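Coordinate inspection notes
Chain by chain, the residues:
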Amino acid sequence: MDDAQRAVYFVNETVTQNQLWILTDEHGCVMLNTEDEDCVPVWPNEEFAQAWATEQWQDCRPEAISLNKWFSRWTHGLADDELAIVVFPSQDEQGLVYYPDELEHELKQKQHSVKKR
């Protein structure tokens, strides 16, 4: 899947499961850096997050975050810290970068469309 396809898959799967996944270690969550942004990578399920826990991240563990917790704490916290989110990065660290409010908007739009069905 390319970056856009992984992003769509991420949104669909995250809303279906009502949670997303990060990698954490004793210092907090894993961060990736682009030329312009410091980013928190997120994955749609534990298996994809666990697949990243290799080499420099081998001591990391996947952690689920409910969408309610993400909306109530993470969106504002990431925005306040001027952090972005890289959605479902590939093994070569490629993925679409979202600002916290953009990702929340995408997830809430999908939730709304699912509830209408």
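This text follows the structure it describes.
A short tour of the structure in this document, coming up. Everything quoted here is computed from the prediction, not taken from an experiment.

Moving on, we come to the overall build of the chain. Counting secondary structure elements, the chain contains four helices and seven strands. In the chain, the order of α-helices and β-strands from amino to carboxyl end is α-β-β-β-β-α-β-α-β-β-α. Relative to the compact-globule value of 13 Å for 117 residues, the chain shows a C-alpha radius of gyration of 13 Å, a close match. Taking the principal axes of the C-alpha coordinates as reference, the chain spans close to 45 × 30 × 25 Å. In the chain, which comprises 117 residues, the proportion classed as buried is 44%. For the chain, contacts bridging at least 24 residues in sequence account for 67% of all contacts bridging at least 6.

Structurally, Thr-14 is set in helix H1 (residues 3-17). For the pair formed by Thr-14 and Pro-44, sequence separation is 30 residues and the distance between their alpha carbons is 5.3 Å. When neighbours within four sequence positions are excluded, Thr-14 is seen to be in contact with Gln-19, Leu-20, Pro-44, Leu-67 and Leu-107. Within the structure, the side chain of Thr-14 is placed 2.7 Å from the backbone oxygen of Phe-10, a separation counted as a polar contact.

Below, the discussion takes up the packing of aromatic side chains. All chains considered together, the criterion is met by six aromatic pairs. Ring centres of Tyr-9 and Phe-88 lie 5.9 Å apart, and the angle between their planes is 40°; on these two criteria the pair is classed as tilted. With Tyr-9 in helix H1 and Phe-88 in the loop between strand E6 (84-87) and strand E7 (96-98), the pair connects residues that are 79 residues apart, well separated along the chain. Between Trp-52 and Trp-57, the aromatic rings sit 5.2 Å apart at their centres with planes inclined by 35°, giving tilted as the arrangement.

Among the nonpolar cores identified, the biggest contains 34 residues, and Phe-10, Val-42, Trp-70, Val-87 and Leu-107 are the most heavily contacted of them. Elements with a contribution of two residues or more to this core: H1, strand E1 (19-25), strand E4 (38-42), helix H3 (67-80), E6 and helix H4 (100-116). With five residues, the top contributor of residues to this core is H3.

Quick look at the sheet that holds strand E2 (residues 28-29) now. A sheet is described by the order of its strands in space; here three strands give the open sequence E2-E1-E5, paired in antiparallel fashion. Where the open sheet ends on each side, the last strands, each with one partner, are E2 and strand E5 (61-66). Inspection of the sheet shows E1 paired to E5 by six bridges, in the antiparallel sense. Residue Trp-21 lies in a different strand from E5, and its bridge partner there is Ala-64.

What follows concerns the pairing of E1. In terms of residue burial, E1 counts as a mostly covered element, since five of its seven residues are buried. Taken together, the two bridges between E1 and E2 define a ladder with antiparallel strand orientation. Its bridge partner being in E2, Thr-24 is matched across the sheet by Cys-29. Linking E1 back to E2 in an antiparallel pair, the connection comprises two residues.

So, how was this worked out
Residues numbered from 1 in each chain as written. Predicted model: local features only at pLDDT ≥ 70, side-chain atom pairs only at ≥ 80, totals over all residues. Heavy atoms only, no water. Helix = DSSP H or I, 4+ residues; strand = E, 2+ residues; numbered from the N terminus. Rg over C-alpha atoms; globule rule 2.2 N^0.38 Å. Buried < 20%, exposed > 50% of the residue type's maximum accessible area, 1.4 Å probe, protein only. Contact = heavy atoms within 4.5 Å. Polar contact = N/O pair within 3.5 Å; in protein donor to acceptor, adjacent residues only side chain to side chain. Phe/Tyr/Trp six-rings, centres within 6.5 Å; stacked < 30°, edge-to-face > 60°. Core = buried A, V, L, I, M, F, W, Y, C linked by side-chain atoms within 4.5 Å. Pairing = 2+ DSSP bridges.

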